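# Descriptive analysis of the structure
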Amino acid sequence: MQEIKEYVAKKKLTISHFILENKLKLKLVIVQVNDDPASNSYIKGKLKDLNEVGIEGELIKLPSETTQNELLSLVNKLNKDNSVTGFIVQMPLPNHIDENIIKENISITKDVDGFNLLSKINPATPNGIVTFLKDNQYDFTSKNALVIGRSNIVGKPMAKLLLSLNMNVTVVHSFTKKDDLSYYIKNADLIIVAVGKPNFLTNEFIFKKDAIVFDVGINRIDGHLVGDCEKNLKVSYQSPVPGGVGLLTRLSLLLNLLEVYRNGI
Ligand code: GUN
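Naming follows an unreviewed UniProt entry, where the protein appears as Bifunctional protein FolD of Candidatus Onthovivens merdipullorum. Reading the Sequence similarities (unreviewed entry) entry of the UniProt record for the protein gives the comment "Belongs to the tetrahydrofolate dehydrogenase/cyclohydrolase family."

### Digging into the packing of helix 5 (residues 124-135) against helix 6 (residues 155-164)
Helix 6 packs onto helix 5 with a crossing angle of 35° between their chain directions and a minimal axis gap of 8 Å. Note on packing geometry: the crossing formed by helix 5 with helix 6 is right-handed. Along its contact with helix 5, which presents Pro126, Asn127, Ile129 and Val130, the element helix 6 presents Pro157, Met158, Leu161 and Leu162. When grouped by side-chain class, the residues that make up the contact of helix 5 with helix 6 number seven nonpolar, one polar and no charged.

### Section: the layout of surface pockets
Size it by volume and the largest pocket reaches roughly 1,300 Å³. If you go around the largest pocket, you meet 45 residues; those closest to its centre are Tyr42, Thr125, Val216, Ile218 and Thr249. When residues of the lining of the largest pocket are traced back to their parent elements, those giving at least two are helix 2 (37-53), strand 3 (86-89), helix 4 (99-104), helix 5, strand 8 (219-221) and helix 8 (245-264). Residue composition of the lining of the largest pocket, by class: 22 nonpolar, 14 polar and nine charged. Volume-wise, the second largest pocket comes out at about 490 Å³. Gly114, Leu117, Pro123, Pro157 and Lys160 are, among the 18 residues lining the second largest pocket, the residues nearest its centre. For the lining of the second largest pocket, the secondary-structure elements that each account for two or more residues are helix 4 and helix 6. Ranked by residues supplied to the lining of the second largest pocket, first place goes to helix 6 with five residues.

### Side note on the sheet that holds strand 3
Here we have three strands laid out as an open sheet, ordered 2-1-3, and parallel in their pairing. Of all the strands in the sheet, just strand 2 (56-61) and strand 3 have a single pairing partner and so form its edges. Geometrically, the sheet is characterised by an average inter-axis angle of 15° between neighbouring strands, direction not taken into account. Pairing of strand 1 (residues 27-32) with strand 2 involves six bridges; the strand directions are parallel. In the strand pairing of strand 2, Gln32 is matched with Lys61. Contacting strand 1, strand 2 and strand 3, helix 2 crosses the sheet at an angle of about 170° to strand 1.

### Remarks on the site of the ligand
The local shell around the ligand consists of Val89, Gln90, Met91, Asp113, Phe115 and Ile153. Met91 is positioned such that a nitrogen or oxygen atom in its backbone is 2.9 Å from a nitrogen atom of the ligand. Between the ligand and Asp113 there is a distance of 2.6 Å, counted from a nitrogen atom to a side-chain nitrogen or oxygen. Protein burial of the ligand: of its 280 Å² of free accessible surface, 85% is covered by the chains. Among the detected pockets, the ligand sits in the largest pocket.

### Some details on the UniProt feature "binding site: NADP(+)" (unreviewed entry) in the protein
In the numbering adopted here, UniProt assigns the feature "binding site: NADP(+)" (unreviewed entry) to Gly149, Arg150, Ser151 and Ile218. For the largest pocket, the lining residues among the annotations just cited are Ser151 and Ile218. Assignment of secondary structure puts Gly149 in the loop between strand 4 (144-148) and helix 6. In contact with Gly149, other than residues within four places in its own chain, are Gly155, Val171, Val172, Ala194 and Val195. The topology assignment puts Ser151 in the loop between strand 4 and helix 6.

Cut-offs applied
- Residues numbered from 1 in each chain as written.
- Predicted model: local features only at pLDDT ≥ 70, side-chain atom pairs only at ≥ 80, totals over all residues.
- Heavy atoms only, no water.
- UniProt positions renumbered as here; feature names shortened; annotations may be inferred.
- Axes fitted to C-alpha atoms, helices over the stretch in contact; angles between N-to-C directions.
- Helix = DSSP H or I, 4+ residues; strand = E, 2+ residues; numbered from the N terminus.
- Left-handed = near helix turned anticlockwise from the far one by under 90°.
- Contact = heavy atoms within 4.5 Å.
- Nonpolar A, V, L, I, M, F, W, Y, C, P; charged D, E, K, R; others polar.
- 1 Å grid on protein atoms, 1.4 Å probe; cavity = no way out; pocket = protein on both sides within 12 Å on 5 of 7 lines; lining within 4 Å.
- Points joined across faces, edges and corners; volume = space filled by probe spheres on them.
- Pairing = 2+ DSSP bridges.
- Near = heavy atom within 4 Å.
- Polar contact = N/O pair within 3.5 Å; in protein donor to acceptor, adjacent residues only side chain to side chain.
- Areas by Shrake-Rupley, 256 points an atom, 1.4 Å probe, with all protein chains shown as cover.
- Sits in = over half its atoms within 2 Å of the grid points.

What follows is the structure in structure tokens.
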């Protein structure tokens with residue numbers, strides 16, 4: 001497996017050459033309705049990536065008191081705005097706004113997150129992991145995938161995507177018993193862990209020697225970022241945190257924007 005940092009840097013160079021050669025004028029709008037420190041930091045990273053590859057990025061930051069109807073009006077305006085290639089609404093949203101209603105109203109022609117259920121775009125994190133594996137010639141067919149976590153942003157779309165690649169997919173969650181978890185882990189070729197708990201996966205579990213683990217967790221402990229896995233699991237590959245899945249997710253946003261652009265022409 002390639003180093004994720006190097007892989008992402010190369011892919012970004014290819015994207016920026018492609019945009020330059022084809023003189024593309026692309027614009028991504030990010031809508032934020034919170035002042036969550038984690039969201040602020042993700043958005044900062046996304047805007048930096050856009051700038052690096054030559055895509056215009058605009059952040060529309062709304063106060064937390066914004067009503068659902070006000071946000072829906074903005075979504076509808078962006079759906080119709082020809083100067084906007086695509087847009088995302090940063091999650092989480094304040095509790096008084098129904099995320100599903102917002103997602104359903106993002107036009108599939110602008111839905112860079114792949115949040116609309118009718119969208120053909122794969123959500124950023126699952127898409128980033130699968131693109132990386134494909135580029136590393138990973139053979140998915142008939143292997144056992146274990147997805148730990150069932151969130152709408154990672155777990156569920158991850159499982160769906162791996163199924164479409166002919167893997168045997170198991171999804172476990174906070175109600176799964178530890179003995180069962182051990183059993184599934186022992187038999188897994190590919191493990192995606194997205195539970196948001198430091199040291200959730202440790203060497204107390206028995207892994208297949210050639211197992212591959214992608215750690216989606218981003219937990220802050222005393223100002224440090226750690227994933228959901230203990231370092232140096234006894235597996236053949238474990239993605240680092242930081243510098244792992246987060247970078248693949250950010251790359252995926254750029255790839256998805258290009259796909260939305262291509263679908264629209
Ligand atoms: N919040 C955490 N991850 C994501 C993501 O991939 N897209 C959006 N819109 N919000 C997020």
